[in-house]
Amino acid sequence: VINKKPRPGWSAVTSDHFCEGQMATDHLLDRGHRRIALIVDDARGWGVEQRRDGYESAARARLKGFKPLVFCTEETPPADIARRMAEARCTACVNFTDNFGFAVLDSCIHDLDMRIPDSLSVVCLENKSVSPYYNPKLTTIEQPLQMIAEGAVNGILDLLKNSGTRFDRTYKCCLIERDSVRQIG
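All of the points below concern the structure found in this document. (Residues numbered from 1 in each chain as written. Predicted model: local features only at pLDDT ≥ 70, side-chain atom pairs only at ≥ 80, totals over all residues. Heavy atoms only, no water.)

**So, the environment of C90**
Now for step 1: Inspection of the secondary structure puts C90 in the loop between α3 (78-87) and β4 (92-96).
Now for step 2: Looking at C90, the relative accessible area reads 5%, which means it is buried.
Now for step 3: Considered as a pair, C90 and L29 are 61 residues apart in the sequence and their alpha carbons are 12 Å apart.
Now for step 4: Contact partners of C90, with chain neighbours within four places excluded, come to R35, A37, L69, M85, S119 and L120. (Helix = DSSP H or I, 4+ residues; strand = E, 2+ residues; numbered from the N terminus. Buried < 20%, exposed > 50% of the residue type's maximum accessible area, 1.4 Å probe, protein only. Contact = heavy atoms within 4.5 Å.)

Below, the structure is given as C-alpha coordinates:
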(Lines give C-alpha, C1' and ligand atoms only; values in the text may rest on other atoms or scores of the structure.)
Protein backbone atom coordinates (compact mmCIF):
# COMPACT_ATOMS: atom_id res chain seq x y z
CA VAL A 1 0.00 0.00 0.00
CA ILE A 2 1.61 3.25 -1.04
CA ASN A 3 1.01 6.97 -0.93
CA LYS A 4 4.01 7.77 -3.09
CA LYS A 5 4.53 7.37 -6.83
CA PRO A 6 4.78 3.66 -7.62
CA ARG A 7 8.24 2.62 -8.76
CA PRO A 8 8.52 0.80 -12.08
CA GLY A 9 8.27 -2.93 -11.54
CA TRP A 10 6.78 -2.63 -8.07
CA SER A 11 3.33 -3.81 -7.14
CA ALA A 12 1.01 -1.11 -5.79
CA VAL A 13 -2.30 -0.71 -4.02
CA THR A 14 -3.62 2.86 -3.80
CA SER A 15 -6.71 4.98 -3.69
CA ASP A 16 -7.36 7.19 -6.71
CA HIS A 17 -5.95 10.48 -5.43
CA PHE A 18 -6.74 12.34 -8.66
CA CYS A 19 -10.39 11.29 -8.34
CA GLU A 20 -10.44 12.50 -4.71
CA GLY A 21 -9.40 16.03 -5.72
CA GLN A 22 -11.75 16.07 -8.68
CA MET A 23 -14.73 14.70 -6.75
CA ALA A 24 -14.37 17.18 -3.87
CA THR A 25 -13.99 20.15 -6.23
CA ASP A 26 -16.88 19.08 -8.45
CA HIS A 27 -19.09 18.75 -5.38
CA LEU A 28 -18.34 22.35 -4.38
CA LEU A 29 -18.70 23.64 -7.95
CA ASP A 30 -22.07 21.88 -8.24
CA ARG A 31 -23.22 23.91 -5.24
CA GLY A 32 -22.24 27.25 -6.77
CA HIS A 33 -18.80 27.80 -5.23
CA ARG A 34 -16.23 29.51 -7.44
CA ARG A 35 -13.48 30.58 -5.00
CA ILE A 36 -12.29 27.21 -3.71
CA ALA A 37 -9.01 26.79 -1.82
CA LEU A 38 -7.07 23.55 -1.59
CA ILE A 39 -5.27 22.90 1.72
CA VAL A 40 -2.53 20.25 1.77
CA ASP A 41 0.18 19.27 4.26
CA ASP A 42 3.10 18.88 1.89
CA ALA A 43 4.01 20.91 -1.17
CA ARG A 44 5.36 17.89 -3.05
CA GLY A 45 4.71 14.21 -3.26
CA TRP A 46 2.87 11.87 -5.58
CA GLY A 47 -0.41 11.75 -3.62
CA VAL A 48 -0.51 15.52 -3.06
CA GLU A 49 0.28 16.18 -6.71
CA GLN A 50 -2.42 13.75 -7.86
CA ARG A 51 -5.02 15.41 -5.61
CA ARG A 52 -3.94 18.88 -6.73
CA ASP A 53 -4.19 17.80 -10.38
CA GLY A 54 -7.74 16.53 -9.72
CA TYR A 55 -8.68 19.82 -8.02
CA GLU A 56 -7.22 21.90 -10.84
CA SER A 57 -8.67 19.69 -13.59
CA ALA A 58 -12.20 19.94 -12.19
CA ALA A 59 -11.98 23.70 -11.71
CA ARG A 60 -10.35 24.44 -15.09
CA ALA A 61 -13.03 22.41 -16.87
CA ARG A 62 -15.77 24.60 -15.40
CA LEU A 63 -14.27 27.99 -14.51
CA LYS A 64 -12.95 30.38 -17.13
CA GLY A 65 -9.64 31.92 -16.06
CA PHE A 66 -9.31 29.66 -13.02
CA LYS A 67 -6.33 30.44 -10.76
CA PRO A 68 -5.54 27.76 -8.16
CA LEU A 69 -5.59 28.74 -4.49
CA VAL A 70 -3.34 26.11 -2.95
CA PHE A 71 -2.07 26.43 0.61
CA CYS A 72 0.47 24.16 2.25
CA THR A 73 0.54 23.80 6.04
CA GLU A 74 4.17 22.71 5.84
CA GLU A 75 5.12 26.15 4.48
CA THR A 76 2.54 28.51 5.98
CA PRO A 77 1.14 28.72 9.54
CA PRO A 78 -2.55 27.77 9.81
CA ALA A 79 -3.65 31.26 10.95
CA ASP A 80 -1.95 32.81 7.90
CA ILE A 81 -3.68 30.33 5.59
CA ALA A 82 -7.05 31.20 7.16
CA ARG A 83 -6.38 34.92 6.74
CA ARG A 84 -5.25 34.47 3.12
CA MET A 85 -8.36 32.41 2.32
CA ALA A 86 -10.53 35.18 3.79
CA GLU A 87 -8.62 37.84 1.82
CA ALA A 88 -9.12 35.79 -1.36
CA ARG A 89 -12.86 35.64 -0.51
CA CYS A 90 -12.95 31.87 -0.63
CA THR A 91 -16.40 30.44 -0.06
CA ALA A 92 -15.12 26.88 0.16
CA CYS A 93 -12.07 24.74 0.75
CA VAL A 94 -10.94 21.22 0.08
CA ASN A 95 -9.02 20.22 3.23
CA PHE A 96 -6.82 17.29 2.20
CA THR A 97 -4.53 17.25 5.21
CA ASP A 98 -3.69 14.78 7.93
CA ASN A 99 -2.11 17.30 10.22
CA PHE A 100 -2.70 21.05 10.40
CA GLY A 101 -5.70 21.56 8.10
CA PHE A 102 -8.02 21.37 11.07
CA ALA A 103 -5.97 24.11 12.73
CA VAL A 104 -6.74 26.23 9.64
CA LEU A 105 -10.46 25.58 10.16
CA ASP A 106 -10.08 26.38 13.86
CA SER A 107 -8.46 29.70 12.97
CA CYS A 108 -11.23 30.48 10.48
CA ILE A 109 -13.83 29.85 13.17
CA HIS A 110 -12.17 31.35 16.25
CA ASP A 111 -9.90 34.07 14.86
CA LEU A 112 -11.95 35.23 11.87
CA ASP A 113 -15.46 34.48 13.18
CA MET A 114 -16.32 32.39 10.13
CA ARG A 115 -18.96 29.69 10.34
CA ILE A 116 -19.07 26.35 8.55
CA PRO A 117 -20.93 26.17 6.16
CA ASP A 118 -22.38 29.72 6.29
CA SER A 119 -19.06 31.51 5.65
CA LEU A 120 -16.96 28.60 4.41
CA SER A 121 -18.00 25.25 2.97
CA VAL A 122 -15.61 22.37 3.62
CA VAL A 123 -14.88 18.97 2.09
CA CYS A 124 -12.16 16.90 3.79
CA LEU A 125 -10.59 13.43 3.88
CA GLU A 126 -10.74 12.24 7.48
CA ASN A 127 -14.02 10.33 7.36
CA LYS A 128 -14.00 7.95 10.29
CA SER A 129 -11.60 9.70 12.67
CA VAL A 130 -12.78 13.33 12.53
CA SER A 131 -15.61 14.22 10.14
CA PRO A 132 -18.59 12.63 11.92
CA TYR A 133 -17.52 14.22 15.23
CA TYR A 134 -16.82 17.75 14.03
CA ASN A 135 -19.56 20.35 14.46
CA PRO A 136 -21.03 20.62 11.91
CA LYS A 137 -20.37 17.13 10.60
CA LEU A 138 -17.99 17.42 7.64
CA THR A 139 -18.65 16.33 4.08
CA THR A 140 -15.88 13.87 3.33
CA ILE A 141 -14.11 12.03 0.57
CA GLU A 142 -13.88 8.50 1.94
CA GLN A 143 -11.05 6.25 0.92
CA PRO A 144 -12.02 2.56 0.76
CA LEU A 145 -9.51 1.54 3.42
CA GLN A 146 -10.93 -1.95 3.92
CA MET A 147 -10.78 -2.65 0.18
CA ILE A 148 -7.25 -1.26 -0.01
CA ALA A 149 -6.12 -3.49 2.86
CA GLU A 150 -7.78 -6.57 1.33
CA GLY A 151 -6.31 -5.72 -2.08
CA ALA A 152 -2.83 -5.52 -0.57
CA VAL A 153 -3.17 -8.83 1.29
CA ASN A 154 -4.68 -10.62 -1.71
CA GLY A 155 -1.99 -9.20 -3.98
CA ILE A 156 0.76 -10.41 -1.65
CA LEU A 157 -0.85 -13.86 -1.44
CA ASP A 158 -1.01 -13.96 -5.26
CA LEU A 159 2.68 -12.96 -5.41
CA LEU A 160 3.57 -15.82 -3.08
CA LYS A 161 1.61 -18.33 -5.19
CA ASN A 162 2.73 -17.00 -8.58
CA SER A 163 6.21 -15.70 -7.77
CA GLY A 164 7.03 -12.50 -9.56
CA THR A 165 3.52 -11.61 -10.76
CA ARG A 166 3.32 -7.84 -10.33
CA PHE A 167 -0.03 -6.24 -9.50
CA ASP A 168 -1.55 -2.76 -9.53
CA ARG A 169 -4.81 -2.01 -7.79
CA THR A 170 -6.36 1.44 -7.59
CA TYR A 171 -9.59 1.95 -5.69
CA LYS A 172 -12.13 4.73 -6.20
CA CYS A 173 -13.25 6.92 -3.36
CA CYS A 174 -16.77 8.05 -2.56
CA LEU A 175 -18.25 11.27 -1.24
CA ILE A 176 -20.06 11.21 2.11
CA GLU A 177 -22.33 14.24 2.18
CA ARG A 178 -22.91 15.76 5.58
CA ASP A 179 -23.51 19.30 6.86
CA SER A 180 -20.44 21.34 5.90
CA VAL A 181 -21.34 22.43 2.36
CA ARG A 182 -24.01 24.94 1.47
CA GLN A 183 -25.57 25.88 -1.83
CA ILE A 184 -24.75 29.41 -2.99
CA GLY A 185 -25.84 31.55 -5.91
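**Describing the nonpolar core**
Now for step 1: Ranked by size, the top nonpolar core spans 43 residues in total, and within it M85, C93, L105 and L120 carry the most contacts.
Now for step 2: Broken down by secondary-structure element, the contributors of at least two residues to this core are α1 (17-30), β2 (36-40), α2 (46-62), β3 (69-72), α3, β4, α4 (101-110) and β5 (121-124).
Now for step 3: If you look at the next biggest cluster of nonpolar residues, it comprises five residues, including I148, A152, F167 and Y171. (Core = buried A, V, L, I, M, F, W, Y, C linked by side-chain atoms within 4.5 Å.)

**Some remarks on the packing of α3 against α4**
Now for step 1: Between α3 and α4, the least distance of the axes is 8 Å, while the angle of their chain directions is 60°. On the basis of their axis angle, the class for α3 and α4 is oblique. At the point where α3 passes α4, the crossing takes the right-handed sense. Where α3 approaches α4, its residues P78, A79, I81, A82 and M85 are matched on the opposing element by A103, V104, S107 and C108.
Now for step 2: Per-class residue counts for the contact of α3 with α4 are eight nonpolar, one polar and no charged. (Axes fitted to C-alpha atoms, helices over the stretch in contact; angles between N-to-C directions. Parallel < 35°, antiparallel > 145°, perpendicular 65-115°, else oblique. Left-handed = near helix turned anticlockwise from the far one by under 90°. Nonpolar A, V, L, I, M, F, W, Y, C, P; charged D, E, K, R; others polar.)

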